[in-house]
Amino acid sequence: MDGREHYTFILISALLPLFGVVAAIVLLWNKLVGPADMVAFGIMYVIAGLGVSTGYHRLLAHRAFQTTRPLRIFFAAAGAMAGQGPPITWVAHHRRHHRVADKPGDPHSPYHDEEPGLKGALKGLWHAHMGWLFERGLSSDPMRYCPDILRDKDMRFISKHFTWFVLAGVALPGLIGFTLTGTLFGAMTGALWGGLVRFFFANHVTYAVNSIGHYFGRRRFATPDESRNVGWLALFSFGEAWHNNHHAFPRSASHGMRWYELDISALVIRGLERLKLADHVIRIDRERQEAKALAWEKLGGGRHARSTPAKPLAERRTAAVGIVDVE
Amino acid sequence: MITIDELASLIRQEMRGKLPKDTQIDENTRLDSLGLSSLQVSEVVFTLEDEHGVEFDPARAANAQTLGDLLALGNSVLETR
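Residues numbered from 1 in each chain as written. Chains lettered and ligands numbered in written order. Predicted model: local features only at pLDDT ≥ 70, side-chain atom pairs only at ≥ 80, totals over all residues. Heavy atoms only, no water.

Student: What is the right way to look at the overall build of chain A in this model?
Tutor: Scanning chain A from terminus to terminus reveals 13 helices and two strands. In terms of overall dimensions, chain A is globule-like: its C-alpha atoms have a radius of gyration of 21 Å, near the 20 Å expected for 327 residues. Taken over the C-alpha atoms alone, chain A extends approximately 65 × 60 × 45 Å along its principal axes. Buried positions account for 52% of the 327 residues belonging to chain A. If you sum the accessible surface of chain A, you get close to 16,700 Å²; carbon and sulfur atoms cover 68% of it. Distance from the positive charge centre (38 side chains) to the negative charge centre (27 side chains) of chain A: 5 Å. (Helix = DSSP H or I, 4+ residues; strand = E, 2+ residues; numbered from the N terminus. Rg over C-alpha atoms; globule rule 2.2 N^0.38 Å. Buried < 20%, exposed > 50% of the residue type's maximum accessible area, 1.4 Å probe, protein only. Areas by Shrake-Rupley, 256 points an atom, 1.4 Å probe, with all protein chains shown as cover. Lys, Arg positive; Asp, Glu negative; His and termini not counted. Charge placed at Lys NZ, Arg CZ, Asp CG, Glu CD.)

Student: What am I meant to see in the UniProt feature "transmembrane region" (unreviewed entry) in chain A here?
Tutor: Listed under "transmembrane region" (unreviewed entry) in the UniProt record, and renumbered for this structure, are residues 7–29, 41–61, 162–185 and 191–210 of chain A. Across residues 191–210 of chain A, the secondary structure splits into 100% helix and 0% strand, with the terminal C-alpha atoms separated by 27 Å. (UniProt positions renumbered as here; feature names shortened; annotations may be inferred.)

Student: Just to check I follow, could you spell out the UniProt feature "domain: Carrier" (unreviewed entry) in chain B for this structure?
Tutor: In this structure's numbering, the residues bearing the UniProt feature "domain: Carrier" (unreviewed entry) are residues 2–78 of chain B. A distance of 9 Å separates the end C-alpha atoms of residues 2–78 of chain B, which is 57% helix and 0% strand.

Student: What's the story with the UniProt feature "domain: Fatty acid desaturase" (unreviewed entry) in chain A in this structure? I'm lost.
Tutor: Sequence positions flagged by UniProt for "domain: Fatty acid desaturase" (unreviewed entry) are, in local numbering, residues 43–263 of chain A. Secondary structure across residues 43–263 of chain A comprises 58% helix and 1% strand; the distance between its end C-alpha atoms is 18 Å.

Student: Help me understand the interface of chain B and chain A in this model?
Tutor: Often, the extent of an interface is quoted as the loss of accessible area on bringing the components together. Contacts between the two partners involve 19 residues from chain B and, on the opposite side, 18 residues from chain A. Between chain B and chain A lies a buried interface of about 1,700 Å² when both sides are counted; carbon and sulfur atoms form 53% of it. The largest share of the area that chain B buries against chain A comes from Leu39, Phe46 and Asn63 of chain B, three residues that together contribute 32% of it. Scanning the region where chain B abuts chain A turns up six salt bridges. (Contact = heavy atoms within 4.5 Å. Buried area = accessible area lost by both parts, 1.4 Å probe. Salt bridge = Lys/Arg side-chain N within 4 Å of Asp/Glu carboxyl O.)

Student: Explain helix α12 (residues 264–274) of chain A to me, please; I cannot follow it from the model alone.
Tutor: An α-helical turn contains 3.6 residues, so any two residues separated by three or four positions project in the same direction. Residues and elements named next belong to chain A. Turning to α12, its buried residues number three or more, namely Ser265, Ala266, Ile269 and Leu272. Buried residues of α12, seen end-on, are gathered within an arc of 120 degrees and therefore sit on one face of the element. Turned more than 90 degrees off the buried face of α12, the exposed positions are Leu267 and Arg274. Check the buried side of α12 and you find it contacts α2 (35–61), α3 (69–81) and β2 (278–279). Among the residues of α12, the N-terminal cap falls to Asp263, whose side-chain oxygen and the backbone nitrogen of Ser265 are separated by 3.3 Å. Looking one or two places after α12, you find Lys276, whose phi comes out positive at around 65 degrees. (Arc of directions from axis to C-beta. Polar contact = N/O pair within 3.5 Å; in protein donor to acceptor, adjacent residues only side chain to side chain.)

Student: Just checking my understanding: could you explain the environment of Ala253 of chain A for this structure?
Tutor: Residues and elements named next belong to chain A. By the element assignment, Ala253 lies in the loop between α11 (243–248) and α12. Placed 17 residues apart in sequence, Ala253 and Arg270 show a C-alpha to C-alpha distance of 8.9 Å. For Ala253, the contacting residues outside a window of four places in its chain are Arg58, Ala64, Ala266, Ile269, Val281 and Ile282.

This is how it looks when you write it as structure tokens:
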């Protein structure tokens, strides 16, 4: 094979399997998966994704913007439907992650219990991805990490009745399926795709931000952790994958810091602001980004770099509890 | 004034009957001995805040070991009001 033939071969071998998958889906169409299922999947993916990204993460954990009570309830309820835990617990773990990112005490660092070699790396990645969820002793005391969320009665209600919201996250796509097809079977496959399949995809995207987002990717800022910007994850994570930017400026409402860094959550927040439904939106201008980048460059980043106190501030007996950590 | 009975009933309510009826709850009961999760403890503390219209120092509430500690903290805040 000459060079040109070789290139053609690679092109065909790359594209043909993809066409095969599409063909397979078309053949299955209307038997096992129909357009109504895709609609249920899409709607639920957007609701749960925004709930986690815009709601749990930017609104609640980092107070990147403020909004009206109904919208705050909507975002928290949507986040609960994602099935990643009650808002209070989620926020407590997340704030702790920022306090001691990639250092002892981080609930989900891929460098946890670091071992050398490929096996050690995979073990670390697995721990950051999902493994940490199964750690029995793990608890981030919400009283220390998020008294502000606890003082919100609505957030306490949603946290307490969390499982009902998860069930609603399965019932709702079932309802969508029923509305579109008018059959009970349609309701069931709708619940399957918009519920279970959607849990799988949406949650693995979030997990990937914790695992891949601290392992593979570009670092714009030499933050004292291993956070990375992962461009290919940006679309499906609604912008959460600009994770190095986020660790550099945790309170920023936008995790994308350039026009080409797609951040759907930031667009939603901007839209709400235009509609006068959001205010106190935290923005970091280019000048400030560059000043901080320069300062970190001198200190040298990475997980061995000096950062916030060795022991999570909120866990010191005399510490005033606050959320000052995140800026 | 927050009483031990009020606190005990809040805890029983939070545990939704999972606590055996004959479990003794008094000032010396340790919070961690009842099997409450950190989320449930905070639920109790912040419900008390709401009902009495006060704010506790969450760091001090988090350091409370026994129900007596929690009561003392709550009532000291109520007194200074």
